[in-house]
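The lines below spell out each chain.
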Amino acid sequence: MSFIDSYKRLEKLCSEMYGDTHGLSTYIDEMIGKPDGSYYVSGWNEDLKQLKHYRWVRNQIVHEPDCTEENMCEPGDMQWLDNFYSRIMSTNDPLALYRKVKSLYRVQKPIPKLIKKPQQTYSSNPTSYTNQQYRKTSSKLTGYLTYLMGALLVVVVFIAMGVFIANIYHPIY
C-alpha cells in the first residue's frame, strides 16, 4: 500500500466518523480544540504533530507538480498511518483515550459534602480553647492590629504634612 492509499483510507474512516468530507482535518481540529489533551493523554502532542505533518505531505503530493511520494515520504510514514488507523478502530487513538479519561473523572469526582460548622463551646477555663478557636482569635487580632497600624500611619503622615506645609508658609528663623 502506498502513502496516498494509507492516507485516503484514514481520511475515509475519519469522514465516516464525523459524517463530513473533511475527515482527518476534522479530527485534527477536534484535537486542537482540546488544549488539555496532552495533560490527560500520553503522546497527544506527538500524534497531533504527525497528523498535521502527514496532511501537509499529502497536500504537497496532490497539489505541487514536483512533489511525489518518492521524494516526500520516508519508509515509516505509511506504517504510521496504518497504525493510527488501527488505533482508531480499537479506540486507542488520542481522542478516544481523552474521552475515556474525561468520563472517568466525571464518574469518580466525589460529591461535595456539606460541612457543618462546629458549635462554639464556652468555658470558664481559658485553657479549654481548641487550637482552631485560638487561631481564629489570633487572626482577628492580627487583622485589627494591621488596621490600627495603617490608620496610625495615615494620621502620622497627615501631621507630618501639616508641619511641613506650616513651615513653608510660616518659616521659623
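Given the structure is predicted, the values throughout are model-derived calculations rather than measurements.

What counts, and where the lines are drawn
- Residues numbered from 1 in each chain as written.
- Predicted model: local features only at pLDDT ≥ 70, side-chain atom pairs only at ≥ 80, totals over all residues.
- Heavy atoms only, no water.
- Helix = DSSP H or I, 4+ residues; strand = E, 2+ residues; numbered from the N terminus.
- Buried < 20%, exposed > 50% of the residue type's maximum accessible area, 1.4 Å probe, protein only.
- Contact = heavy atoms within 4.5 Å.
- Areas by Shrake-Rupley, 256 points an atom, 1.4 Å probe, with all protein chains shown as cover.
- Patch = residues over 30% accessible without salt bridge, like charges linked within 9 Å, V, L, I, M, F, W, Y side chains within 5 Å.
- Salt bridge = Lys/Arg side-chain N within 4 Å of Asp/Glu carboxyl O.
- Core = buried A, V, L, I, M, F, W, Y, C linked by side-chain atoms within 4.5 Å.
- Phe/Tyr/Trp six-rings, centres within 6.5 Å; stacked < 30°, edge-to-face > 60°.

S.K.: What's the story with the overall build of the protein in this structure? I'm lost.
M.R.: From N to C terminus, the protein includes 8 helices and 0 strands. Moving toward the C terminus, one meets the helices and strands of the protein in the order α-α-α-α-α-α-α-α. When burial is assessed residue by residue, the protein has 24% of its 173 residues classed as buried. Of the contacts formed within the protein by residues at least 6 apart in sequence, a portion of 60% connects residues at least 24 apart. In the form shown here, the protein has an accessible surface area of approximately 13500 Å², with 61% of it arising from carbon and sulfur atoms.

S.K.: Whenever I open this one, a nonpolar patch on the surface confuses me. Can you help?
M.R.: Taken together, the side chains of Leu153, Val154, Val157, Phe158, Met161, Phe164, Ile165, Ile168 and Tyr169 present a nonpolar region at the surface, about 960 Å² in accessible area. Structurally, Tyr169 can be placed in helix H8 (residues 131-169).

S.K.: I keep staring at the nonpolar core and nothing clicks. Help me out?
M.R.: As a rule of thumb, soluble globular proteins bury nonpolar side chains together. Formed by 27 residues in total, the largest nonpolar core has its most connected members in Phe3, Leu10, Leu24, Tyr27 and Leu51. Sorting the residues of this core by element identifies helix H1 (3-18), helix H2 (24-32), helix H4 (44-63), helix H6 (75-89) and helix H7 (94-108) as the ones contributing at least two each. Among residues more than four places away in sequence, those in contact with Leu51 are Leu10, Leu24, Tyr27, Ile28, Met31, Trp80 and Phe84.

S.K.: What is the right way to look at the pattern of salt bridges in this model?
M.R.: As a working rule, side chains carrying opposite charge can pair if their charged atoms are close by. Applying the stated criterion to the full structure yields 5 salt bridges. Put simply, Lys12 and Glu16 hold a salt bridge, and the shortest N to O gap is 3.4 Å. On the criterion of helical spacing, the pair formed by Lys12 and Glu16 is a turn pair, its members being 4 residues apart in helix H1. For Lys12, a relative accessible area of 52% gives the class exposed. Classification of Glu16 by relative accessible area gives exposed; the value is 54%. A salt bridge links Asp36 to Lys102; its shortest N-O distance comes to 3.5 Å. Of the two residues, Asp36 is situated in the loop between H2 and helix H3 (37-40) and Lys102 in helix H7; the sequence distance between them amounts to 66 residues. Classification of Lys102 by relative accessible area gives partly exposed; the value is 23%.

S.K.: Please clarify how the packing of aromatic side chains should be interpreted in this entry.
M.R.: Aromatic ring pairs are defined here through the distance separating the ring centres and the angle between the ring planes. Using the criterion set out here, one finds 8 aromatic pairs in the structure. Between Tyr39 and Tyr40, the ring centres sit 4.9 Å apart and the planes meet at 85 degrees, which makes this aromatic pair edge-to-face. Judged by its relative accessible area of 64%, Tyr39 falls in the exposed class. Where Trp80 meets Phe84, the ring centres are 5.2 Å apart and the plane angle is 10 degrees; that geometry is what we call stacked. Linking Trp80 with Phe84, this pair stays in helix H6, spanning 4 residues, or about one helical turn.

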